[in-house]
Amino acid sequence: MAAVTEYPFFFTWSAQNAARPFELTGGEGAWFTTADGSRWLDLGALSYQVNAGHGQRRIIEAIKRQADELCLSAPNAVYPAKVELAQRLLAMAGPGFSKVFFTLGGAEANENAIKIARQVTGRLKLVSRYRSYHGASMGALALTGDWRRPALEPALAGVIHVQDCYCDRCPFGQRVETCRRECATNIGSTMTLEGPRSVAAVFLEPVPGANGVLVPPPEYWPIVRQACDAEGALLVADEVLTGFGRTGKPFGFQHWDVVPDLITVAKGLASGYASIGAVIVHERVAKHFDDHVLACGLTYYAHPLACAAALETLKLYEDDKLFENAERLGPILRRELDVVAARLPPTTFVRSLGLLAALELEAPAAAWTKLGTELVARKLSLHVDPKRGTAIFAPPLCITEQELVTGLRSFGEAAVVAFEGVA
Ligand SMILES: Cc1ncc(COP(=O)(O)O)c(C=O)c1O
């Protein structure tokens, strides 16, 4: 491989000298291969998007068939894959959802959700959380609360960040026995303090993913829904990472008895085989645009190749029962990580929902770097964030129980070596 700086393109979210490129050549199921002939167990679904798994021939063939039939499009053109894809997304979202706005990825889905919310409510302000990631475009980055935002601020006026549902390190100083769900009620109070009925929308990941899999208490989403109703603000579920079976249900919000107004999706929609995202819109919002101009548009809106890839991906999820597999394997992922945590310092936390899990441990950066080295030696790929002291697990949903257990036990060995001596 060439030296990092010799490549004629940028590597993302990194000083170029610190980037760690790898030569991806292909893969199958839960595994990918690199140019040196290695097979890696992909416990991170590349960038959390390969829900259907690597090397899925039927998605690849669907793209080829679509390329032969119709490869070019215009935003208002109609063709079967576009219609059927929208129908399937609405059915997955549940009763009341009536329209889809297509995008090229997750940031753009949130960008257009911001615009829809502002147009429908006539209000400017937006509420999101500190430990969140909503994408890298200006609006989505303004919503984002994590370390990626400050370098670009001020990105978009009117965004208010609130504290998180971080039960292991409660920002309100509560313990399970004393908790009064302040993380949820705080959103309503913040909206009131911002000036009554001034917030257009609250953007939440059902489970903040890349920021540590912060699974909310069961009352969280219903409390926020009530607060949004009281303020007339829209509730947006950013399902870019949690959508399409990741948590064991089609969408993460479906774990609770709530219906958001907008759902933003990407990643698992076409499982990374094409670049596509969407905003799924509830009828109570969509009807506004029957008589008002929808000031949103993209040249590559619902590109035929991307629609064909997404449509086949959704059919594959259904035929191979991949969401059910995620639901079944979720407790096994949890069990194995609890076993690993028991061998690590007592300040280790495990959080999970379905096939999305985090292992968090406050340890010196050198120990986390060592974990990275140990994982490379074992050909295990997952998301390790030394700065935030977390490892995040999100394997393809087609992973088998044996692959998952073997991979996690191997991870456990790597973690025990890396964190040896950490108090
Ligand atoms: C919850 C969430 N929203 C939005 C995005 C942005 O998606 P994209 O990278 O496709 O723009 C991501 C990406 O990781 C995400 O995790």
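Structure shown above.
The following refers to the structure shown. (Residues numbered from 1 in each chain as written. Predicted model: local features only at pLDDT ≥ 70, side-chain atom pairs only at ≥ 80, totals over all residues. Heavy atoms only, no water.)

## Looking at the pattern of salt bridges
Spelled out, the test is: Salt bridge, as applied in this entry: a Lys or Arg side-chain nitrogen positioned within 4 Å of an Asp or Glu carboxyl oxygen. Where helices and strands are cited, they refer to DSSP runs of H or I of at least four residues and of E of at least two residues respectively, numbered from the N terminus. For every residue, the accessible area obtained with a 1.4 Å probe (protein chains only) is divided by the maximum for its type, and the residue is called buried under 20%, exposed over 50%, and partly exposed between those limits.
For the structure shown, the criterion picks out 27 salt bridges. Between Arg88 and Glu84 there is a salt bridge, and its shortest N-O distance comes to 3.6 Å. A residue pair is termed a helical-turn pair when its members lie 3 or 4 positions apart in one helix, as Arg88 and Glu84 do in helix α3 (residues 80-93) at four residues. A relative accessible area of 28% places Glu84 in the partly exposed class.

## Brief notes about the side chain of Arg351
Note the threshold: Within 3.5 Å is the distance limit for a polar contact, defined as a pair of N or O atoms, with the added protein rule that one can donate a hydrogen and the other accept it, and that residues adjacent in sequence qualify only through two side-chain atoms. By the convention used here, residues are in contact when the closest approach between their heavy atoms is within 4.5 Å.
Within the fold, Arg351 resides in strand β11 (residues 349-353). Of note is the side chain of Arg351, whose polar atom sits 3.2 Å from the backbone oxygen of Val213. Not counting residues up to four positions away in its chain, the partners in contact with Arg351 are Tyr166, Asp168, Gly212, Val213, Leu214, Arg334, Leu356, Ala357, Ala358 and Glu360.

## Here we look at the site of the ligand
This is how the line gets drawn: For each residue, the test is whether any non-hydrogen atom lies within 4 Å of the molecule or strand; if one does, the residue is near. Only the protein chains shown count as cover for residues, and all accessible areas are computed by the Shrake-Rupley method using a 1.4 Å probe. All residues other than Ala, Val, Leu, Ile, Met, Phe, Trp, Tyr, Cys, Pro, Asp, Glu, Lys and Arg, Gly among them, are scored as polar; the first ten of these are nonpolar and the last four charged.
Lining the immediate surroundings of the ligand are Gly105, Gly106, Ala107, Asn110, Tyr133, His134, Gly135, Glu205, Asp238, Val240, Leu241 and Lys267. Separating an oxygen atom of the ligand from a backbone N or O atom of Gly106 is a distance of 2.8 Å. Backbone polar atom of Ala107 to an oxygen atom of the ligand: 2.8 Å apart, as the coordinates give it. Across the complex, the protein chains shield 80% of the 400 Å² of accessible surface that the ligand would expose by itself. Broken down by element, the shell around the ligand gets its largest block of residues, three residues, from helix α4 (residues 106-121). Grouping the constituent residues of the shell around the ligand by class yields four nonpolar, five polar and three charged.

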